[in-house]
Amino acid sequence: MAKIVFEHVHKRYENSDQFAVTDLSIDVNDAEFLVFVGPSGCGKSTALRMLAGLEEISEGSIYIGDRRVNDLPPRDRDIAMVFQNYALYPHMSVYDNMAFALKLRRVNKQEIDRRVREAAEILSITPYLTRRPKALSGGQRQRVALGRAIVREPAAYLMDEPLSNLDAKLRVQTRAEIQKLHRRLNVTTIYVTHDQVEALTMGDRIVVMKDGHLQQVDSPQNLYDKPANMFVAGFIGSPSMNFMPAKVDSDGEGLFISESGFKLRVPREHESKLASRKGQQVIFGIRPEDIEVRDFADADWRDMTVQSRVEVTEPLGSEIQLHATTADHKDSLDRIAVEEGAATDVFVARVDPRVRVMAGDVVPLSFNMGQMHAFDPQTQEAIV
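These lines cover the structure that appears in this document, whether it is placed above or below. Just so you know, these numbers come straight off a predicted model, no measurement behind them. (Residues numbered from 1 in each chain as written. Predicted model: local features only at pLDDT ≥ 70, side-chain atom pairs only at ≥ 80, totals over all residues. Heavy atoms only, no water.)

## Let's talk about the nonpolar core
So, point 1. Counting residues in each nonpolar core, the largest one holds 45 residues, and the members touching the most others are M98, V116, I125, I178, Y191 and V208.
So, point 2. If sequence neighbours within four positions are ignored, V208 has contacts with V37, H213, L214, Q215, Q216, L223, F231, V232 and I236.
So, point 3. Ranked by size, the runner-up nonpolar core spans 32 residues in total, among them L255, V282, I320 and L322. (Core = buried A, V, L, I, M, F, W, Y, C linked by side-chain atoms within 4.5 Å. Buried < 20%, exposed > 50% of the residue type's maximum accessible area, 1.4 Å probe, protein only. Contact = heavy atoms within 4.5 Å.)

So this is what it looks like as C-alpha cells:
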C-alpha cells in the first residue's frame, strides 16, 4: 500500500504549446479509492498513464510512497493496471494470463500457484482457469484482467475505464464487485471513468477534470451538494442541474431572484452570500429533485412557486421527468435540447409518478430554495 502524490504535474503535447494536463496537484491517501471523472479529452487517462509510466511528464513530480517515480520505468513502479480492452493474451489460458507477470519476475511456482488460485477464488473464476479468453464472456474477461492485477500484490491499482465494454446490467454488477474487492484488499486504487454514476457510487473522493484542468476534488456528496462551479454542477447528477439566468433584487422582506416569468424568495441562510450581488445578474441553479408540483394555496411555498408550462413528460416508472418553462414562455420547445451547463428558461423537474400531468398543462411548480445554487455569469464560480 502507498500514498500517491501528483505535484504540479503538466503534460504538454509533443511539438506543441497545448497541454493535456495543466498543473495537477493531488494527494491520494493510502488505501483510498480515488476516481478521476470528466468528459472525453479532459486529461484523466493521461494523468493515469503518467502515473503508470506510460506517458512522460513534461513538468512536475509524481510520488508513489516515498519514491519520486518520474524517471522509473513502469515495471519498477510497483503498480498494476487494468485496461479498458482487458489486454489478455489470446493464446494463453486464464491461469497463464494471471501468472504471466509473476513468471517474468521469477517468482517460484508454488507462490505463483497460491496467488493465482487465491485471486481466482476471490473473483469466482476458478472454473475458467483452463479456458482461453475467447471462450469467456466480456464480464469473465474483465474478472481475469482484475485477477492478473491482484496477483501482483502491488502498492496501487490503476484502472482505466475497465467497465466501458460491458453492457449496462453487467456494468452495475461488476462495479459492486470492484467495490467489494477494494474493501477486501485495502490497497490504494485510482479509477478513471467518464461515467459520473460510476464515480459517485465507487469513489471515496472524486477528481473532476475539464480540458486538462482540475475543477474540484471532494467526496461524492460534497460534489453533488456543493459544486465549485457550473461545470461540476452540470456534470455531476442525472438529470443535470437546471441553470437559469436571473437577477438578484430586494423588497421590504428580503432578497429574491427574478427573471421574466418567475420571482423566487431567497432563504435567509443564503442572503449574506447574495447581498453584494443586489441588482446584478447571476445564474440560478436548482436540481430536478428540488422542484415539485404544489398548490399555490400552501402559504409556506407561495414565494417559491411558479406557474409553469409542461412541454414534455418522460414517465420512468419510479418518477416522471417534466421538461417545463415559465408559463409566459410559449416558444420554449425548441430550447429543450441545449448545451450541457448552459443557462436556459427550460428546466427539468423530477416529480412523483402518481402526479397526473400532461404536455401542454400549466401547473404550479415549487422550487426548494433551501437547496438553491447561484453562480457568477462571467467566472461560472459558485456564489451559493
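## Some words on the packing of helix α4 (residues 138-150) against helix α5 (residues 168-185)
So, point 1. Taken N-terminus to C-terminus, the directions of α4 and α5 make an angle of 15°; their axes are 11 Å apart at the nearest point. The angle between the axes of α4 and α5 places the two elements in the roughly parallel class. Crossing angle aside, the handedness with which α4 passes α5 is right-handed. Mapping the contact onto sequence places G138, G139, Q142, R143, L146 and I150 in α4 and L170, Q173, T174, E177, I178, L181 and L185 in α5.
So, point 2. The residue inventory of the contact of α4 with α5, partitioned by class, reads 6 nonpolar, 5 polar and 2 charged. (Axes fitted to C-alpha atoms, helices over the stretch in contact; angles between N-to-C directions. Helix = DSSP H or I, 4+ residues; strand = E, 2+ residues; numbered from the N terminus. Parallel < 35°, antiparallel > 145°, perpendicular 65-115°, else oblique. Left-handed = near helix turned anticlockwise from the far one by under 90°. Nonpolar A, V, L, I, M, F, W, Y, C, P; charged D, E, K, R; others polar.)

## Here we look at the packing of helix α2 (residues 94-104) against α4
Helix-helix packing is characterised by the crossing angle of the two axes and by the distance between the axes.
So, point 1. In the contact formed by α2 and α4, the axes pass within 8 Å of each other and the chain directions differ by 30°. Considered as vectors, α2 and α4 are oriented roughly parallel to each other. Along this stretch, α2 crosses α4, giving a crossing that reads as right-handed. Here α2 contributes V94, N97 and M98 to the contact with α4, which in turn contributes V144, G147 and R148.

## Some thoughts on helix α3 (residues 109-122)
So, point 1. With 14 residues, α3 should reach 20 Å at 1.5 Å per residue; the first-to-last C-alpha distance of 20 Å fits that figure.
So, point 2. Every buried residue belonging to α3 is among I112, R115, V116, A119 and A120, and all of these are buried. Each buried residue of α3 lies within a common arc of 130° when the element is viewed along its axis, so the set occupies one face. The exposed set on the far side of α3, more than 90 degrees from its buried face, consists of Q110 and E121.
So, point 3. Elements that come into contact with the buried residues of α3 comprise α2 and α4.
So, point 4. Residue N108 occupies the N-cap position of α3, its side-chain oxygen lying 3.2 Å from the main-chain nitrogen of Q110. (Expected span 1.5 Å × (residues − 1). Arc of directions from axis to C-beta. Polar contact = N/O pair within 3.5 Å; in protein donor to acceptor, adjacent residues only side chain to side chain.)

## Side note on the pairing of strand β3 (residues 33-37)
So, point 1. In terms of residue burial, β3 counts as a mostly covered element, since 5 of its 5 residues are buried.
So, point 2. Alternating residues of β3 divide into F33, V35 and V37 and L34 and F36, and every residue in both groups is buried.
So, point 3. Pairing geometry for β3 and strand β8 (residues 188-193), over 5 bridges, is parallel. Note on β8: the bridge partner recorded for V37 is T193.
So, point 4. One ladder, built from 4 bridges, connects β3 with strand β9 (residues 205-210); its direction is parallel. Residue V37 lies in a different strand from β9, and its bridge partner there is V208. (Pairing = 2+ DSSP bridges.)

## Digging into α2
So, point 1. Those residues of α2 lying buried are V94, Y95, N97, M98, A99, A101 and L102.
So, point 2. Positive phi shows up at R106, right after α2, with a value of about 60°.

## What about the sheet that holds β9?
So, point 1. Spatially, 6 strands are ordered β6-β7-β8-β3-β9-β10 in an open sheet, and the strand pairing comes out mixed. Each edge of the sheet is formed by a strand with only one pairing partner; in this case those strands are β6 (79-82) and β10 (213-218). Recorded for the sheet is a direction-independent mean angle of 15° between the axes of neighbouring strands.

## Section: the pattern of salt bridges
So, point 1. In total, this model carries 22 salt bridges according to the counting rule given.
So, point 2. Between R49 and E55 there is a salt bridge whose closest N-O contact spans 3.5 Å.
So, point 3. When its relative accessible area of 29% is taken as the criterion, R49 is described as partly exposed.
So, point 4. Between R114 and E111 there is a salt bridge whose closest N-O contact spans 2.6 Å. (Salt bridge = Lys/Arg side-chain N within 4 Å of Asp/Glu carboxyl O.)

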